[in-house]
Amino acid sequence: MRLGSGTFAACCVVIEVLGVALFLRGFFPVPVCSFSGTEHQTESPAPEPSAGAISNWTKLPPPLFSKVVIMLIDALRDDFVFGSEGVKFMPYTTYLVEKGSSHSFVAEAKPPTVTMPRIKALMTGSLPGFIDVVRNLNSPTLLEDSVITQAKAAGKRIIFYGDETWVKLFPKHFLEYDGTTSFFVSDYTEVDDNVTRHLDKVLKRRDWDVLILHYLGLDHIGHISGPNSPLIGRKLSEMDSVLMKIHTSLLAEERETLLPNLLVLCGDHGMSEAGGHGASSVEEVNTALILISSAFERKPGDVRHPKYIQQTDLAATLSIGLGLPIPRGSVGSLIFPVVEGKPMREQLRFLHLNTVQLSKLLQENVPSYRKEPGFEQFKVSERLHGNWIRLYLEENNSEVLFNLGSKVRRQYLDALRTLSLSLSRQAAQYDVYSMAAGTVLVLEVVALLLLCVPQALSGKAELDVPLLSPVSSLLFYLLLLALAALHVVVCTSSDSSCYLCSLPWLAAGGVMVLISTLLCAVVSALTGMFAAGSRLSKNPLPSNSRWSELDLLILSGTVGHVLSLGASSFIEEEHQTWYFLVNTLCLALCHEIYRNCFVGDDCAPQRCPHAGEEFDGVAAAPQGKSTGPDVWELDRASKHPSPLEALRGPERWMVLASPWVILSCCRLLRSLNQTGVQWAHRPDLGHWLTSSDHKAELSVLATVSLIMIFVLVQKRCSLASKVAMAFGLLGIYCYRVAVGNLLFPWQQNNKDISKGITEARFVYVFVLGILFTGTKDLLKSQITADDFTVKTVGLWEIYSGLVLLAALLLRPHNLPVLALSLVIQTVMTHFVWRPLRHDAAEVTVMHYWFGQAFFYFQGNSNSIATVDISAGFVGLDAYVEIPAVLLTAFATYTGPVLWAGHLVNFLASEASRPAPETQASGTLYLRTKLTSTSMDGVKASIGFWSKKARGGSRCGGWASALRPLAPGGLHLLSALQTATADPWLPQLQAC
Amino acid sequence: MKDTDIKRLLYVHLLCIFSIILSIFIPSFFLENFSVLETHLTWLCICSVSVTAVNLVLYLVVKPNASSKRSSLSYKVTRFLKCCIYFLMSCFSFHVIFVLYGAPLIELALETFLLAVTLSTFTTVPCLCLLGPNFKAWLRVFSRNGVTSIWENSLQITTVSSFVGTWLGAFPIPLDWGRPWQEWPISCTLGATFGYVAGLVTSPLWIYWNRKKLTYKNN
Ligand SMILES: [Zn+2]
Ligand SMILES: [Zn+2]
């Protein structure tokens, strides 16, 4: 079957997306959840176990606390409270932790350490799936059972102030609320003032039972300037005074009521050394949790060190404290010190309730739950508990009772720990069958692509896809039969849930047909290739004769990069790979240039003409050359005399210096932002520049970069665009001054910080204007055919509009990244690609490499923690979803997008030049993008497998999985991917 | 030219390998606590000195290119000085390249420089011995079809394999194994050494196997 390469590419992408989707569906752990829906609200609580005698206590125990205040400080890392900073800036809290009536803990958050899943974990006690990150920006209503739902059902009155996420999760649960949007990351005072201003009033009121406060300022400071900024100390003192205010007010009120009150201070996640969060480093995972209540009184000498607990434990504890049933999906265990002061019978009752709830959850999620050690322990302790109750009711002597009671308690605590652990592990189980099917699909598509690439590169825009014959072949039917048998066996035997099995038969059958068709196609393509290869080997000229050292480097580098992703360290430190490859590429170019310059014109004239056949098979091998290139190279050299010979004077010197210029630029950019995991904490220029003491230096740097951007971009624009560009860049500087990042020279220190909306919109106008003129020029060139100059100018204008937008969105310390990327593009174009006449494929791959390297130069990494969400709110005064997502995506992928844009420009301008060997750009471009997209798919899957094999943290893996799914971005096709991926997101959540 | 030359080449290379092996074992008799990994810098110095010495001695003994006709003392001295300058320059340029590749600029500068010296010993010193301070000749040897004798051919192989070894040596650095040899620049120096030794071993063998096909123009 003959296919146009466009159709072929589209088909491959669709199938690949399907494979990746299937894989991800299998990979993302299905959250452990309670299947008994919300309709069984009035389920009676488990009665006290009893052996023989009948207990009279069947109702839920009464609440332990009358009022509960939850003060959640976003990104409250454990050492902000328990470390030296806490001692310095939070004196009241430190006093409470060390001497007051409180229990302090280090609560471990499970990745993804992003706010919304963490809130869910705190309130439901369950482990939110990784897919929840995607929905972090737009959290839907929480349907699962949670403390809030239970409290609402029990008639508790809840008041909430703080992050809007809560209001979205619990839209009808609060008596009163005031949500603050968390999207103006650059604002860290107003978000908190909005919460604190309600405090005085609300603390005096008596008409509430639960008060929840979510302070965002600390997290925003972290995102802006990292955990070591002086702003952190100030914010912590502010929080300390808030805590003091709440605590004293609660204490004052307590005198009038019988029950004590509870004040919970906690963080949702930590803060990495770079200031972000999302991954699984120790700093991001460990949060502070302090429970303060007069019920926790202690004797003077009682030193309590912060114990390590799970974040999910809070939900169960809060429920017990409020006298509510524990949320059904909770995997946490009761924080025992909270009930330690109660009588033994109540303690055991609480523990029993928690164990019963966990074992029920286990029964619902694990078919073979009877074999679980936790369940056996539960049964044993329940029996012992019954005996204890009997003794208790018979009123035995208190010593015996106490001894037996503490034994039962120990049993219960053990059972709780085991149950909680096995449930958490359950949440991390994969659906291997779906994963395998997805991987097979992706690999088959990639194999087919790789097999077809030589054919596609041969120049014809059409390729022969061996599809029709395999469908009718015997192999196909055999495969289909075998797969169907496998499917039946797997689906009937496996006891855990499996996505493919839950699909309707037709869909599963479709997947199997796809797999076997592709396999047949690959097989027939392979046989075809071998046949062609054996035919070719009889020919005197082998087909691979065109490979030069540079081609080899490019090929092995790209393949090597993909292979390197098999190790999770190489995913975490992927930037190192790209920097290394780009450096090597520059050195290889350097070698090529110097050889062309010196050997090319001095030695070659005497040596080359008679060097041809004589040297076949000589000396070339150590450098990985085969015999072919010599002949080819010489042919080319004789046809086109070495292009560098024509260059004389300054231009020649520039050519010689260009690799070194590029290398130094890369080195500079590399020290601008430290990324990755292992070395992310190292000091870098970016942190130095963003610290508030160096505003003047940052301003100078930003000015220089903006001027460089203007100089480099304007020369190929029309006059109108030039002017617009200049005004736009000026507007960017004004915007940054208004936001408070930069300074005007006449300004000493600006006090009034605004959101800079006017300035940003001013720039947007020019961006749109430039894009519009560019598009107009492009359309004009379409009408008046063959008008290449108009077309190139139009393309370049669109490109410069994107550059202007990027300059607006990037943080000011990242402006040099943009400027130097333009420098490198210019130098490469004028002094490397054109003089050395690299062909379109080489140039494309080089653009891909540089684009990847620039993704990391910006400070990005494969962790979601480094995504700069503040970019999505430039010039918006409220959160508008679509523009915010688009802008964030563009700012994140600026490097790759701009390099892709430059590639289009370069290929178009080369096509317009009267050069003989440039190819038509469009199809080739599409093809390369396609391969790189599939590379990303492979990358994700390989990453996953390695992660799975290591059993380590999955953070790097899932983050890199999100990359191919991210909207916008390097891959022009990934928009399509997301569109296809979206429909099954709700299904993921359905559970 | 064929078999005797290849034999001589083989012996010369074996002596070089021997010198590296000696540099690992001999110093432990004189220095306390000497080991390649822990006192890495000392080993680097000893290794480079011994390899340089062996190269120079072998060059003087074997004289692979009996070309220079003018042999006045002043000519020899200037040539020697020029060689020294070339060597230093190559050390510095390697250092610069390592920094460009991401080596820290200020801290560990000594380590980086010693790596540069070691790599120069494995690559520049043999070049200087064989080709002299003649940049054109170097470029000729390291471009395709440029070699004119088995000596140059083996030079090409050993140099390239040293570079490749150093390059590959950088790969384990980001892995989170936490081994002592993952420290900068140990894995690279080890890579360079292995690459050099591999080049020394393979080049005579490769030339021997391909001796039928190899024809050099000017001899
Ligand atoms: Zn948060
Ligand atoms: Zn945050």
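Residues numbered from 1 in each chain as written. Chains lettered and ligands numbered in written order. Predicted model: local features only at pLDDT ≥ 70, side-chain atom pairs only at ≥ 80, totals over all residues. Heavy atoms only, no water.

Describing the overall build of chain B
Part 1 of the argument: For chain B, the count of helices and strands is eight helices and zero strands.
Part 2 of the argument: Of the regular secondary structure in chain B, the N- to C-terminal order runs α-α-α-α-α-α-α-α.
Part 3 of the argument: Counting only residues that meet the buried cut, chain B has 50% of its 219 residues in that class.
Part 4 of the argument: The contacts of chain B with a sequence gap of at least 6 include a subset with a gap of at least 24, amounting to 71%.
Part 5 of the argument: Summed over its atoms, the accessible surface of chain B is roughly 11,200 Å², and 71% of this surface lies on carbon and sulfur atoms. (Helix = DSSP H or I, 4+ residues; strand = E, 2+ residues; numbered from the N terminus. Buried < 20%, exposed > 50% of the residue type's maximum accessible area, 1.4 Å probe, protein only. Contact = heavy atoms within 4.5 Å. Areas by Shrake-Rupley, 256 points an atom, 1.4 Å probe, with all protein chains shown as cover.)

Notes on the overall build of chain A
Part 1 of the argument: Per the secondary structure count, chain A includes 40 helices and 10 strands.
Part 2 of the argument: Scored against the burial criterion, the 991 residues of chain A give a buried share of 57%.
Part 3 of the argument: Look at the contacts in chain A between residues 6 or more apart in sequence, and 77% of them connect residues 24 or more apart.
Part 4 of the argument: Carbon and sulfur atoms make up 63% of the accessible area of chain A, which amounts to about 40,600 Å² in all.

What to know about the side chain of Asn55(B)
Residues and elements named next belong to chain B.
Part 1 of the argument: Relative to the helices and strands, Asn55 resides in helix α3 (residues 40-62).
Part 2 of the argument: Owing to a relative accessible area of 10%, Asn55 belongs among the buried residues under this scheme.
Part 3 of the argument: If we skip the residues at most four places from it in the chain, Asn55 touches Cys16, Val125, Pro126, Cys129 and Tyr196.

Points about the sheet that holds strand β9 (residues 307-310) of chain A
All names here are of chain A.
Part 1 of the argument: On the basis of which strands lie adjacent, the open sheet formed by eight strands has the order β5-β4-β6-β2-β7-β8-β3-β9 and mixed pairing. Edge positions in the sheet fall to β5 (176-180) and β9, since each of these pairs with one other strand and no more. Pairs of neighbouring strands in the sheet enclose a mean axial angle of 15 degrees, with direction left out of account.
Part 2 of the argument: The pairing of strand β2 (residues 68-73) with strand β6 (residues 210-215) spans six bridges and is parallel. If you follow Val69 over to β6, its bridge partner there is Leu211. (Pairing = 2+ DSSP bridges. Axes fitted to C-alpha atoms, helices over the stretch in contact; angles between N-to-C directions.)

Topic: the UniProt feature "transmembrane region" (unreviewed entry) in chain B
Residue and element names in this part refer to chain B.
Part 1 of the argument: Under the UniProt annotation, "transmembrane region" (unreviewed entry) lies at residues 9-29, 41-62, 83-106, 112-132, 153-172 and 184-209.
Part 2 of the argument: Annotated as 100% helix and 0% strand, the span residues 41-62 places its first and last C-alpha atoms 31 Å apart.
Part 3 of the argument: In this annotation, residues 112-132 is assigned 95% helix and 0% strand; the end-to-end C-alpha distance for the span is 26 Å. (UniProt positions renumbered as here; feature names shortened; annotations may be inferred.)

Topic: the UniProt feature "transmembrane region" (unreviewed entry) in chain A
Part 1 of the argument: What UniProt calls "transmembrane region" (unreviewed entry) maps, in this numbering, to residues 7-28, 432-453, 465-486, 506-531, 696-713, 725-744 and 756-773 of chain A.
Part 2 of the argument: Taken end to end, residues 756-773 of chain A comprises 94% helix and 0% strand; its first and last C-alpha atoms sit 26 Å apart.

A short note on the pairing of strand β4 (residues 158-163) of chain A
All names here are of chain A.
Part 1 of the argument: Counting buried positions along β4 yields six of six residues, so the element is predominantly enclosed.
Part 2 of the argument: Relative to β6, β4 runs parallel, the two being bridged by four bridges. The partner of Ile159 across the bridge, within β6, is Leu211.
Part 3 of the argument: Summarising the sheet, β4 and β5 pair through five bridges and their orientation is parallel.

Considering unusual backbone geometry
Part 1 of the argument: In this structure, the amide linkage connecting Trp184(B) to the following residue, Pro185(B), adopts the cis form with an omega of -5 degrees.
Part 2 of the argument: Position of Pro185(B) relative to the elements: it lies in the loop between α7 (150-169) and α8 (186-209).
Part 3 of the argument: Phi angles above zero are rare outside glycine, and Arg837(A) is one such case at about 50 degrees.
Part 4 of the argument: In this fold, Arg837(A) is placed in the loop between α33 (815-836) and α34 (840-857).
Part 5 of the argument: A residue is classified by how much of its surface remains accessible, and Arg837(A), at 34% relative accessible area, is partly exposed.

Focus on the coordination of the zinc ion (ligand 1)
For a metal bound by four donors in a tetrahedral arrangement, the ideal donor-metal-donor angle is 109.5 degrees, while six donors in an octahedral arrangement ideally sit at 90 or 180 degrees.
Residue and element names in this part refer to chain A.
Part 1 of the argument: Those donors, Asp74 (OD), Asp74 (OD), Thr115 (OG1), Asp268 (OD) and His269 (NE2), are the protein atoms that reach the zinc ion (ligand 1), and they lie 1.9 to 2.5 Å from it.
Part 2 of the argument: Each donor residue of the zinc ion (ligand 1) lies on the same chain, and together they follow the pattern D-x40-T-x152-D-H.
Part 3 of the argument: Here the zinc ion (ligand 2) and the zinc ion (ligand 1) are spaced 4.5 Å from one another. Taken together, the residues Asp74 in the loop between β2 and α2 (78-82) and Thr115 in helix α5 (residues 115-124) connect sequence positions 41 residues apart.
Part 4 of the argument: Residue class for Asp74 comes out buried when judged on its relative accessible area of 0%. (Donors = N, O, S within 2.8 Å, 3.2 Å for Na, K, Ca; no water.)

A word on the packing of aromatic side chains
All names here are of chain A.
Part 1 of the argument: Overall, the coordinates contain 34 aromatic pairs over all chains when judged by the stated rule.
Part 2 of the argument: Relative to Tyr477, the ring of Phe476 has its centre 5.2 Å away and its plane inclined at 75 degrees; by these criteria the two rings are edge-to-face.
Part 3 of the argument: The class for Tyr477 is partly exposed, based on a relative accessible area of 47%.
Part 4 of the argument: With a centroid separation of 5.9 Å and 10 degrees between ring planes, the pair formed by Phe727 and Phe766 is classed as stacked. With Phe727 in helix α30 (residues 719-739) and Phe766 in helix α31 (residues 757-783), this pair connects stretches of sequence that are 39 residues apart. (Phe/Tyr/Trp six-rings, centres within 6.5 Å; stacked < 30°, edge-to-face > 60°.)

Looking at the pattern of salt bridges
Part 1 of the argument: For the structure on display, the rule yields 18 salt bridges over all chains.
Part 2 of the argument: For the salt bridge of Lys235(A) with Asp192(A), the shortest nitrogen-to-oxygen distance reads 2.7 Å. With Lys235(A) in helix α11 (residues 230-254) and Asp192(A) in helix α8 (residues 190-196), the pair connects residues that are 43 residues apart, well separated along the chain. Asp192(A) shares its class with Lys235(A); the two are buried.
Part 3 of the argument: We note a salt bridge from Asp5(B) to Arg8(B), for which the minimum N-O separation is 3.4 Å. Here Asp5(B) and its partner Arg8(B) are both found in helix α1 (residues 2-25), three residues apart, which amounts to about one turn of the helix.
Part 4 of the argument: By relative accessible area, which is 35% here, Arg8(B) ends up partly exposed.
Part 5 of the argument: The network of salt bridges with shared partners includes Lys67(A), Arg206(A) and Glu253(A). (Salt bridge = Lys/Arg side-chain N within 4 Å of Asp/Glu carboxyl O.)

Notes on the pairing of strand β3 (residues 102-108) of chain A
Residues and elements named next belong to chain A.
Part 1 of the argument: Of all seven residues in β3, six are buried; the element is thus mostly enclosed.
Part 2 of the argument: For β3 and strand β8 (residues 286-292), the ladder comprises seven bridges, and the chain directions are antiparallel. Its bridge partner being in β8, Ser102 is matched across the sheet by Ile292.

With respect to helix α4 (residues 91-98) of chain A
Part 1 of the argument: Buried within α4(A) we find Tyr92(A), Thr93(A), Thr94(A), Leu96(A) and Val97(A).
Part 2 of the argument: Contact partners of the buried residues in α4(A): α2, α3 (84-89), β3, α11, β7 (262-267) and β8 of chain A.

Looking at the nonpolar core
Residues and elements named next belong to chain A.
Part 1 of the argument: By size, the foremost hydrophobic cluster in this structure holds 92 residues, and its most contacted members are Ile709 and Phe850.
Part 2 of the argument: Top element by residues in this core is α33. It accounts for 14 residues.
Part 3 of the argument: Not counting residues within four places of it along the chain, the set of residues in contact with Phe850 comprises Val582, Leu585, Cys586, Ile662, Cys666, Ile824, Met828 and Trp899.
Part 4 of the argument: Listed in part, the 70 residues of the second largest apolar core include Leu72, Ile119, Val147 and Ile389. (Core = buried A, V, L, I, M, F, W, Y, C linked by side-chain atoms within 4.5 Å.)

So, the side chain of Thr894(A)
Residues and elements named next belong to chain A.
Part 1 of the argument: Its place among the elements puts Thr894 in helix α36 (residues 894-912).
Part 2 of the argument: By relative accessible area, Thr894 is classed as buried at 2%.
Part 3 of the argument: For Thr894, the residues in contact, after removing those within four places along its chain, are Ala806, Leu810, Leu818 and Gln858.

Describing the environment of Thr517(A)
Part 1 of the argument: Mapped onto the secondary structure, Thr517(A) falls in helix α21 (residues 505-538).
Part 2 of the argument: Residues Thr517(A) and Leu479(A), 38 residues apart in the sequence, show an inter-C-alpha distance of 8.9 Å.

Thoughts on the confidence of the model for chain A
Part 1 of the argument: Per-chain confidence: chain A averages 77 in pLDDT, with 76% of residues scoring 70 or above.
Part 2 of the argument: For residues 937-991 of chain A, every residue scores under 50 in pLDDT, and the model assigns this stretch 127 contacts once sequence neighbours within four places are set aside. (pLDDT = per-residue confidence, 0-100.)

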